[in-house]
Amino acid sequence: MKEALYRNYLAILQSELIAALGCTEPIAIAYASAKARAVLGEAPQRMEIYCSGNIVKNVKGVTVPNSGGMRGIDVAATLGVVGGDADRSLEVLSAVRPEHLEQTRQLLSQGFCQCFLEEGVENLYIRAEVFSADHSASVTIRNHHASITQIVRDGQVIFQGGQEKKEEAGTQVQPDKSMMDLRGILTFADEVRMEDVGPVLEQQVRCNTALADEGLRGDYGAQVGRTLLETAGNDVSVRARARAAAASDARMGGCAFPAVINSGSGNQGITVSVPVVEYAKEWGCSQEQLFRALVVSNLVAIHQKKYIGSLSAYCGAVSAACGAGAGIMYLYGGDYDAVARTITNTLGNTGGIICDGAKSSCAAKIAASLSAAILAYEMSLKGRAFHPGEGLVKEDVEDTIRSVGYVGRVGMKQTDVEVLKIMLDQTDVTAGSIC
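Residues numbered from 1 in each chain as written. Predicted model: local features only at pLDDT ≥ 70, side-chain atom pairs only at ≥ 80, totals over all residues. Heavy atoms only, no water.

## Describing the sheet that holds strand β3 (residues 113-117)
By definition, the strands of a sheet pair up through backbone hydrogen bonds, in either a parallel or an antiparallel sense.
Then, in step 1: Pairing within the open sheet is mixed, and its six strands lie in the order β3-β2-β4-β5-β6-β7. Only two strands of the sheet have a single partner each, and these edge strands are β3 and β7 (156-160). Taking each pair of neighbouring strands and ignoring which way they run, the sheet shows an average axis angle of 15 degrees.
Then, in step 2: Seen against the sheet, helix α4 (residues 73-83) touches β2 (46-51), β3 and β4 (125-131) and runs at an angle of roughly 130 degrees to β2. (Pairing = 2+ DSSP bridges. Helix = DSSP H or I, 4+ residues; strand = E, 2+ residues; numbered from the N terminus. Axes fitted to C-alpha atoms, helices over the stretch in contact; angles between N-to-C directions. Contact = heavy atoms within 4.5 Å.)

Below is the structure:
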């Protein structure tokens, strides 16, 4: 593999696989709010939060970490202002203390935070505005959960779209996902040097398996992972699904453990990693074999999501599980054709689970998607695959990935709108208050 392409794949992994505490949508709100408070330079008297529909959808039903079990946009925003550390990015709420919770509850009861739906913006959009007696500040996040694109203080723009990082960016490889394809991913996985990927993958394994352990120990969500182990047996395919689901049980239930994310999502980071770890344990694989398989699972998931986008009505558990299936097949020793069949078989089965927000049922969607991915892997072992012309399946695996991505990004746009209307009990989406 040419060095430039090698560096591009490495940069994609390093930029995508970062730690986040809790569901990334409320955490992104808390991050924007904490940063706005820091820019203001004093405790605000009130605040306003403006979010896209997809952010609303993914915050409405999930517990904010370190919040004492509270949910909602106003909770995430207020806790970010009161106890958040903006310097810790997506781990912004890791330093919250009991006194911050009490202060947050008091401010919420006083109507400190107003929340509004922002229309005509990107699917991932957050703007936090804070006000004191004499000053104001706002911070805007677009497209990526930790991507601050504008900072304003007292009506003056002091930061716009990454301008402060131009000199630094000139010396670093900027990830270009358009250069990705399955052959390149597999070649990179074969050739990558362990010292280049070891630290980020070790963190992913450590954080996400710790979440799985906690999810099976504690009473989180609907206990999907525990239910699977209690009712479906204990072979590796069940354990792979159950442990991934348990990690999501914990994460959606407000567990204060970080996850290493994929495509901006902790649930997707869990789904691409935990099942591959479980199969590696079952087969007695070395750490190097596991890490190379995780390179495949992570990059295959990212490759699919580049066509779909960060947030949509298409459940990201499907693309992540598809990545896990590809990683398991690679771990087994499958070649390009075997991995391609696994991807095709997964997408030909569950390519279209609806995302109706982050919540406890995400764990069940992860389990269902992984069931499809493991079936896809087992079919591929027998040389079996869905045929071109059947639904969205195309002659080439890349075209199949693109066709499913198009449906997720374009075809399900109206689905996204209707899902949000139902969740907000609205006949029409308006710019009214959503707290």
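## Remarks on the packing of helix α8 (residues 194-217) against helix α12 (residues 287-308)
The description of two helices packed together rests on the angle between their axes and the distance between the axes.
Then, in step 1: At a minimum axis distance of 10 Å, the contact between α8 and α12 shows a crossing angle of 80 degrees. In terms of axis orientation, α8 runs roughly perpendicular to α12. Contacts from Met 194, Val 197, Gly 198, Leu 201, Glu 202, Gln 204 and Val 205 of α8 reach α12 at Glu 288, Leu 290, Phe 291, Arg 292, Leu 294, Val 295 and Asn 298.
Then, in step 2: Per-class residue counts for the contact of α8 with α12 are eight nonpolar, three polar and three charged. (Parallel < 35°, antiparallel > 145°, perpendicular 65-115°, else oblique. Nonpolar A, V, L, I, M, F, W, Y, C, P; charged D, E, K, R; others polar.)

## Comments concerning the nonpolar core
Then, in step 1: One finds Leu 182, Phe 188, Val 295, Leu 299 and Ile 343 to be the most contacted residues of the largest nonpolar core, which totals 76 residues.
Then, in step 2: Of all the elements, α12 adds the most residues to this core, at 11 residues. (Core = buried A, V, L, I, M, F, W, Y, C linked by side-chain atoms within 4.5 Å. Buried < 20%, exposed > 50% of the residue type's maximum accessible area, 1.4 Å probe, protein only.)

## Considerations on the environment of Ile 422
Then, in step 1: Within the secondary structure layout, Ile 422 lies in helix α17 (residues 413-423).
Then, in step 2: With relative accessibility at 65%, the residue Ile 422 sits in the exposed group.
Then, in step 3: Sequence separation between Ile 422 and Asp 356 is 66 residues; the distance between their C-alpha atoms is 9.6 Å.

## Re unusual backbone geometry
Then, in step 1: Phi at Ser 89 is positive, roughly 50 degrees, even though this residue is not glycine.
Then, in step 2: Classification of Ser 89 by relative accessible area gives partly exposed; the value is 24%.
Then, in step 3: Despite not being glycine, Asp 154 shows a phi value in the positive range, around 50 degrees.
Then, in step 4: Residue Asp 154 is classed as partly exposed on the basis of its relative accessible area, which comes to 34%.

## Details of the pairing of strand β5 (residues 136-142)
Two faces belong to every sheet, and in a regular strand the side chains alternate between them.
Then, in step 1: Of all seven residues that make up β5, five are buried, and the element is covered over most of its length.
Then, in step 2: Where β4 and β5 come together, seven bridges link them in antiparallel fashion. If you follow Glu 129 over to β5, its bridge partner there is Ser 138.
Then, in step 3: Of the pairings in the sheet, the one linking β5 to strand β6 (residues 148-153) comprises five bridges and is antiparallel in character. Bridge assignment links Thr 140 to a residue of β6, and that residue is Gln 150.
Then, in step 4: Between β5 and β6, which pair antiparallel one after the other, the connecting turn spans five residues, and Asn 143 there sits at a positive phi close to 70 degrees.

Remember, this is a structural readout, not a statement about activity or role.
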